[in-house]
Amino acid sequence: MNPEIIKYNHNYPFKTSESFVWFVASSEEQVVGFFPVEVRKKSAVINNYYVSNNDEDVFLSLLEAVINEFMGAEKVLEAVVQKPHESFFLAQGFEIERTWSLYLKMKKKYEEK
């Protein structure tokens, strides 16, 4: 994997398995971002994502795609978010559940019908 992408993730390796669904954004045949989502029994968790240059449009497109995919799945949508990206998740209706030094655990709040 590209060392710059690993550095973006605080030098933590990206992991995957059969329980992950990957959302990938590309431009001109180049990957510009990805959101791996771990699907668990009662939740779907965004974790260890990457967006080139922290591009807001790419970031929000990926986040909206994940929300749209899991909105009706009767699963709680959670995310482990790097602190600089907090505003992107807040704008999409996530709330902070827990705070660490570099990350936030956030949960999507859906409006009652």
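Structure report, in brief. This one's a predicted model, so the numbers in the text were calculated from it and none came from an experiment. (Residues numbered from 1 in each chain as written. Predicted model: local features only at pLDDT ≥ 70, side-chain atom pairs only at ≥ 80, totals over all residues. Heavy atoms only, no water.)

## Quick word on the packing of aromatic side chains
Phase 1: Under the counting rule described, the total for this entry stands at 12 aromatic pairs.
Phase 2: Where F35 meets F59, the ring centres are 5.3 Å apart and the plane angle is 80 degrees; that geometry is what we call edge-to-face. Highlighted residues: F35 in strand β2 (residues 30-39) and F59 in helix α2 (residues 56-70), separated in sequence by 24 residues.
Phase 3: F35 gets classed as buried once you look at its relative accessible area, which sits at 0%.
Phase 4: Connected via pairs of aromatic rings, a cluster forms that spans F35, Y49, F59, F88, F89 and F94. (Phe/Tyr/Trp six-rings, centres within 6.5 Å; stacked < 30°, edge-to-face > 60°. Helix = DSSP H or I, 4+ residues; strand = E, 2+ residues; numbered from the N terminus. Buried < 20%, exposed > 50% of the residue type's maximum accessible area, 1.4 Å probe, protein only.)

## Here we look at the pattern of salt bridges
Phase 1: Tallying each qualifying case throughout the model produces four salt bridges.
Phase 2: Between K109 and E97 there is a salt bridge, with its nearest N and O atoms 3.8 Å apart. Placement of the pair is K109 in the segment after β7 (103-108) and E97 in strand β6 (residues 94-99), with a sequence separation of 12 residues.
Phase 3: We classify K109 as partly exposed; its relative accessible area is 36%.
Phase 4: Several salt bridges share partner residues, and in doing so they unite E97, K107 and K109 into one network. (Salt bridge = Lys/Arg side-chain N within 4 Å of Asp/Glu carboxyl O.)

## Examining the nonpolar core
Phase 1: One finds F35, I46, Y49, F59, V66, F89 and F94 to be the most contacted residues of the largest nonpolar core, which totals 30 residues.
Phase 2: Here the element with the most residues in this core is α2; it accounts for eight residues.
Phase 3: Setting aside chain neighbours within four positions, we find F35 in contact with V21, W22, F23, I46, Y49, V51, F59, L62, L63, V66 and F89. (Core = buried A, V, L, I, M, F, W, Y, C linked by side-chain atoms within 4.5 Å. Contact = heavy atoms within 4.5 Å.)

## Some points on the pairing of strand β3 (residues 43-46)
Phase 1: Taking every second residue as pointing to the same face, both faces of β3 are buried, with S43 and V45 on one and A44 and I46 on the other.
Phase 2: In the sheet, β2 pairs with β3 via three bridges, with the strands oriented antiparallel. Bridge assignment links E38 to a residue of β3, and that residue is V45.
Phase 3: The pairing of β3 with strand β5 (residues 76-82) spans four bridges and is classified as parallel. Bridge pairing in β5 places V45 opposite E78. (Pairing = 2+ DSSP bridges.)

## What about the environment of K108?
Phase 1: Examined against the element boundaries, K108 turns out to sit in strand β7.
Phase 2: Accessibility expressed as a relative area gives 14% for K108, which makes it buried.
Phase 3: Those residues in contact with K108 that lie beyond four places of it in its chain are I67, L77, Q92, G93 and F94.
Phase 4: Only 2.5 Å separates the side chain of K108 from the backbone oxygen of Q92, close enough to count as a polar contact. (Polar contact = N/O pair within 3.5 Å; in protein donor to acceptor, adjacent residues only side chain to side chain.)

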